[in-house]
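Chain residues, written in single-letter form:
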Amino acid sequence: MQRRDFLAAGMGAAAFAAANRPAQAGDPSFMNNVPDPLLAGDELPTFKFALEKSEGKVIGGSSGKEATVKQLPISKGIAGVSMRLEPGAMRELHWHATAAEWAFVLEGRVRTTVIDPAGGAETDDFDPGDVWYFPRGHGHMLECLGDDPCHFILIFDNGYFSEFGTFSISDWIGHTPKALLAKNFGLPESAFDGFPKDEVYFARGARPPAAMAKPLQGWKPPALSHRYELLKRPPHRTFKGGREWRVDSTAFPISKTVTGVVLDLEPGGLRELHWHPTADEWQYVVDGDISVTLFGSHGRYRIETLAKGDVGYIPQGYGHSIENVGSKPCRVLIGFNTGVYETIDLSQWIAGNPADVLATNFGKPAELFEKFPHRDVFIAPSGETAGGE
Ligand code: MN
Ligand code: MN
């Protein structure tokens, strides 16, 4: 768009400037003020990606499958990875220059280390149902603990996190001159003979000791823990049609940019029509079959059916719902790129208005709206009657 067109359209010079530099996640102008071309068409683009059916990166018995903007173009605000590590395998020491990392353990056990800018270092062990969060740029590693493989889902608060954004220690050291390394560490150059030349990514070695070993600098714990036991706690909310566990920065203070949810729905259960004013939503189907609806304004509506291992994505502010359309209970892992969870549910919005407003809006008698729920539904059960807690 030419500058004069922007000005003619009532957009100021600042908006013009914002539209003409590369958009960045976390930038208030990104996907808020300036329309995203992908979401500006007559039809909504697909918001589903079959993550577990993708090939990903495989080394030995370990694998990492990605859903970034490359695989799922709509997912600009959040990327995800499904990672499996075999016993003795490690996702090597690395950091993400462009994203924080949030994780949920599905199977097996995981040990992590992480360093922060104050020199605080933490080693943590994780069981299924536990969560970790590493702020953007903090160096960390992940390794399989014990004799069984592990499987976890990683969520990043930037759909572009992968490309040129992940920095591995072997890649860096392998490309740095030995003389510089020798000076850096006060060691002879020969100390660096035989180091990997290229990124190792998945390192393979002895299984880690059962007890955490002391870091070289000794124990120096950070102010805030990186670990949160999500499923060891009772659900955040329980309904006839399902239940929800939720963790954001109010309970897990280090998690300043990600909220995580585990949503269980009974067959026919519905996470009702709603939207999130401040965040995109990334979905991973842990088990079951769900139907996700997406409302994109101007008559644009799209429905996708997601099965176990599929990923869905809801842009910030878009109306949506999740329904269990299978014959058994389903579980969906959901990540939001905000540290403070917010939702507006359609039933509550309606309940927040007087009947005469609703009557005029829809051209229907006010008595009809008296029958609507007078409070938030959140999860509706199978059947016709709106359920309660
Ligand atoms: Mn990482
Ligand atoms: Mn939602």
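Since we're looking at a predicted model, the values are computed, not measured.

Some points on the overall build of the protein chain
Right, so step 1: Counting its secondary structure elements, the protein chain contains seven helices and 26 strands.
Right, so step 2: Buried residues in the protein chain amount to 48% of all 389 residues.
Right, so step 3: Taking contacts inside the protein chain between residues at least 6 apart in sequence as the whole, the part at least 24 apart equals 74%.
Right, so step 4: Summed over all atoms, the accessible surface of the protein chain reaches about 18,900 Å², with 56% contributed by carbon and sulfur.

Digging into the nonpolar core
Inside soluble globular proteins, nonpolar side chains tend to come together where they are buried.
Right, so step 1: In this structure, Trp 102, Phe 104, Leu 230, Trp 282, Tyr 284, Ile 290 and Leu 333 are the most contacted members of the largest nonpolar core, which totals 51 residues.
Right, so step 2: In this structure, this core is formed jointly by two domains, domain 1 (48-228) and domain 2 (233-380), each of which donates at least three residues.
Right, so step 3: Beyond its immediate stretch of four places on either side in the chain, Leu 230 contacts Phe 104, Gly 129, Asp 130, Val 131, Trp 245, Arg 246, Val 247 and Val 262.
Right, so step 4: Formed by 22 residues, the second largest nonpolar core is a distinct cluster that contains Ala 79, Val 81, Ala 99 and Val 105.

Examining the pattern of salt bridges
Pairing is possible between side chains of opposite charge, provided their charged atoms come close.
Right, so step 1: If you walk through the whole model with that rule in mind, you get 21 salt bridges.
Right, so step 2: When the shortest N-O distance is used, the salt bridge between Asp 310 and Lys 48 registers 3.9 Å. Of this pair, Asp 310 sits in the loop between β21 (301-307) and β22 (311-314) while Lys 48 sits in strand β1 (residues 48-49), placing them 262 residues apart in sequence.
Right, so step 3: What makes Asp 310 buried here is its relative accessible area of 4%.
Right, so step 4: Of the charged contacts, one joins Asp 125 and Arg 111 as a salt bridge, the two residues approaching to 2.7 Å between their closest N and O atoms.

Quick notes on the confidence of the model for the protein chain
Right, so step 1: Mean pLDDT over the protein chain works out to 92, with 90% of the residues at or above the 70 mark.
Right, so step 2: Under a pLDDT of 50 for its full length, residues 1-23 has, in the predicted model, 16 contacts with residues more than four places off or in other chains.

Notes on the coordination of the manganese ion (ligand 1)
Right, so step 1: Distances from the manganese ion (ligand 1) to its protein donors, His 94 (NE2), His 96 (NE2), Glu 101 (OE) and His 140 (NE2), fall within 1.9 to 2.2 Å.
Right, so step 2: Going along the chain, you hit the donors of the manganese ion (ligand 1) in the pattern H-x1-H-x4-E-x38-H.

Here we look at the coordination of the manganese ion (ligand 2)
Right, so step 1: Looking at the manganese ion (ligand 2), the protein donor atoms are His 274 (NE2), His 276 (NE2), Glu 281 (OE) and His 320 (NE2), and they sit 2.0 to 2.2 Å from it.
Right, so step 2: Donor residues for the manganese ion (ligand 2) sit on one chain with the sequence pattern H-x1-H-x4-E-x38-H.
Right, so step 3: By relative accessible area, Glu 281 is classed as buried at 1%.

Regarding the side chain of Asn 158
Right, so step 1: Summarising the element assignment, Asn 158 is placed in the loop between β11 (150-156) and β12 (166-168).
Right, so step 2: According to the relative accessible area criterion, Asn 158 is buried, its value standing at 9%.
Right, so step 3: A polar atom in the side chain of Asn 158 sits 3.0 Å from the backbone oxygen of Thr 98.

With respect to the pairing of strand β10 (residues 140-145)
Right, so step 1: For β10, the buried fraction is high: six of the six residues fall into the buried class.
Right, so step 2: Examined bridge by bridge, strand β5 (residues 89-96) and β10 share three bridges and lie antiparallel to one another. Bridge pairing in β10 places His 94 opposite His 140.
Right, so step 3: When strand β7 (residues 109-115) meets β10, the two strands line up antiparallel, connected through six bridges. The partner of Thr 113 across the bridge, within β10, is Met 141.

A short note on the sheet that holds strand β15 (residues 237-239)
Right, so step 1: One open sheet holds the seven strands; their spatial order is β1-β22-β19-β24-β17-β16-β15, and the pairing between them is antiparallel. With partners counted over all chains shown, the strands left at the sheet margins are β1 and β15, one partner each.
Right, so step 2: Sheet topology places strand β19 (residues 281-287) next to β22; four bridges connect them, and they run antiparallel. Counterpart to Glu 281 in the pairing with β22 is Ile 314.

What to know about the sheet that holds strand β9 (residues 130-134)
Right, so step 1: With respect to topology, seven strands assemble into an open sheet ordered β2-β3-β4-β11-β6-β9-β14, the strand pairing being antiparallel. With partners counted over all chains shown, the strands left at the sheet margins are β2 (57-59) and β14 (227-229), one partner each. The average undirected angle you get between the axes of adjacent strands in this sheet is 15°.

Things to note about the environment of His 226
Right, so step 1: The residue His 226 is located in the loop between β13 (202-204) and β14 in this model.
Right, so step 2: Apart from the residues within four sequence positions on either side, His 226 is in contact with Val 114, Glu 122, Asp 124, Phe 126, Val 131, Trp 132, Tyr 133, Phe 134, Pro 135, Phe 252 and Ile 254.

Things to note about the packing of aromatic side chains
Right, so step 1: Applying the stated criterion to the full structure yields 16 aromatic pairs.
Right, so step 2: On the basis of an interplanar angle of 5° and a centroid distance of 3.8 Å, the ring pair of Phe 156 and Phe 161 is categorised as stacked. Considered together, Phe 156 and Phe 161 belong to a single accessibility category, that of buried residues.
Right, so step 3: Where Phe 192 meets Phe 195, the ring centres are 5.4 Å apart and the plane angle is 55°; that geometry is what we call tilted.
Right, so step 4: Take Phe 192: its relative accessible area is 8%, and that puts it in the buried class.
Right, so step 5: Accessibility expressed as a relative area gives 38% for Phe 195, which makes it partly exposed.
Right, so step 6: Among the aromatic residues, those joined into a cluster by ring pairs are Phe 126, Trp 132, Phe 134 and Phe 152.
Right, so step 7: Over the ring of Tyr 201 we find Lys 57, and its NZ or CZ is 4.6 Å from the ring centre.
Right, so step 8: In this structure, Arg 271 is placed above the aromatic ring of Phe 378, and the distance from its NZ or CZ to the ring centre is 3.7 Å.

The rules behind each value
Residues numbered from 1 in each chain as written. Chains lettered and ligands numbered in written order. Predicted model: local features only at pLDDT ≥ 70, side-chain atom pairs only at ≥ 80, totals over all residues. Heavy atoms only, no water. Helix = DSSP H or I, 4+ residues; strand = E, 2+ residues; numbered from the N terminus. Buried < 20%, exposed > 50% of the residue type's maximum accessible area, 1.4 Å probe, protein only. Contact = heavy atoms within 4.5 Å. Areas by Shrake-Rupley, 256 points an atom, 1.4 Å probe, with all protein chains shown as cover. Core = buried A, V, L, I, M, F, W, Y, C linked by side-chain atoms within 4.5 Å. Domains from an automatic or database assignment. Salt bridge = Lys/Arg side-chain N within 4 Å of Asp/Glu carboxyl O. pLDDT = per-residue confidence, 0-100. Donors = N, O, S within 2.8 Å, 3.2 Å for Na, K, Ca; no water. Polar contact = N/O pair within 3.5 Å; in protein donor to acceptor, adjacent residues only side chain to side chain. Pairing = 2+ DSSP bridges. Axes fitted to C-alpha atoms, helices over the stretch in contact; angles between N-to-C directions. Phe/Tyr/Trp six-rings, centres within 6.5 Å; stacked < 30°, edge-to-face > 60°. Lys NZ or Arg CZ within 6 Å of the ring centre and 35° of its normal.

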